[in-house]
Amino acid sequence: FVAIGSQIVTEALSERNKGGMPPTIAGSISVPNAVPELVNIGINPPRKFPVNIVSHVPQTSYEKVVDLLLKVRPSVKKIGIIYNESELNSNNMRISIEKCIRKAGAQPLLEVVTTPEDVSKVTKELLRLGADAIIIPHDKSATAKASTVAKLCNAQNVLTASLDESIIKDGVMFAVSVPYAEIGKRIGEVILEAEDSHVDLKDMEMITINESDLRIYVNSKILVQKGIKVSEKIVNLPVVKR
């Protein structure tokens, strides 16, 4: 069984369901040690249950997204984060990004959403508070309304960035992410190794995505409109134009 994301992993490996689960791969887990069900089973082998973990987000990606914004526009002082407190992935990313913002000498501005309907209101509040840039971590509510964030921010020449490259098409300027195809490939490799070599998932090393797998995704149309230039030399990562 392949469970993608912290919420599905939490449900699948809960005490209520775990007894009936087959060998499981926990995929796209941003912060494995922040998922109680994985901690209880064991992050590192040998684990108490046949599960292996494919960690999606290299920890350096949080630093990279903040560094990207500051390199593109050194005048950035306040960076807003739209996140969901009740969604494990989103809140854990918020904690990491907030630390990176403070470390970079900027001020984090935090706004919480619980449903997609909150996104417009909290974006306007961040802009009212003087956000020079807004970051969207992985969160279904915020990403569902990414076009709203982009429209409001683009109108005021405020930078937008995410850790989800799928919302570049919605007008968000930047994303720092690992290609989802790469995650699928790693999960497939784990399944093949377990099947072909008869290795128990609970004895396999956790698969960690490396910084070298990160990409900077850019919305070429918006960047041209805003006169923003981004090169691989500036960001020290491959740039993918969308």
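Residues numbered from 1 in each chain as written. Predicted model: local features only at pLDDT ≥ 70, side-chain atom pairs only at ≥ 80, totals over all residues. Heavy atoms only, no water.

Colleague: Mind showing me how you'd approach the pattern of salt bridges here?
Modeller: A side chain with one charge may pair with a side chain of the opposite charge, provided their charged atoms come close. For the coordinates displayed, the defined rule picks out 12 salt bridges. When the shortest N-O distance is used, the salt bridge between E11 and R16 registers 2.2 Å. Looking at R16, the relative accessible area reads 65%, which means it is exposed. Close ionic contact of E98 with R94 constitutes a salt bridge, the shortest N to O distance being 2.8 Å. With a gap of four residues between them, E98 and R94 both fall in helix α4 (residues 88–103), about one helical turn apart. The same class applies to E98 and to R94, which are both buried. In the salt-bridge network here, residues are joined through shared partners; they are R94, E98 and R102. (Salt bridge = Lys/Arg side-chain N within 4 Å of Asp/Glu carboxyl O. Buried < 20%, exposed > 50% of the residue type's maximum accessible area, 1.4 Å probe, protein only. Helix = DSSP H or I, 4+ residues; strand = E, 2+ residues; numbered from the N terminus.)

Colleague: Sorry, what's going on with the pairing of strand β7 (residues 159–162) here?
Modeller: Judged by which residues are buried, β7 turns out to be covered on both faces: L159 and A161 on one side and T160 and S162 on the other are all buried. Pairing of strand β6 (residues 133–136) with β7 involves four bridges; the strand directions are parallel. Across the sheet, the residue bridging to I136 is S162, located in β7. Note: β7 against strand β8 (residues 174–177), two bridges, orientation parallel. Bridge pairing in β8 places A161 opposite F174. (Pairing = 2+ DSSP bridges.)

Colleague: Got a minute to help me understand the environment of M204 in this structure?
Modeller: Tracing the sequence through the fold places M204 in the loop between α8 (180–196) and β9 (207–208). In contact with M204, other than residues within four places in its own chain, are P45, R47, N52, V190, E193, A194 and V199. (Contact = heavy atoms within 4.5 Å.)

Colleague: So what exactly am I meant to see when it comes to the pairing of strand β3 (residues 51–55) here?
Modeller: When a strand is regular, its side chains alternate between the sheet's two faces. In terms of burial, β3 is largely enclosed, as five of its five residues are buried. Here β3 shows two buried faces, one formed by V51, I53 and S55 and the other by N52 and V54. Judged from the five bridges that link them, strand β2 (residues 24–29) and β3 form a sheet pairing that is parallel. Bridge assignment links T24 to a residue of β3, and that residue is V51. Relative to β9, β3 is paired through two bridges, and the arrangement is parallel. Paired with S55 across the strands is T208, a residue of β9.

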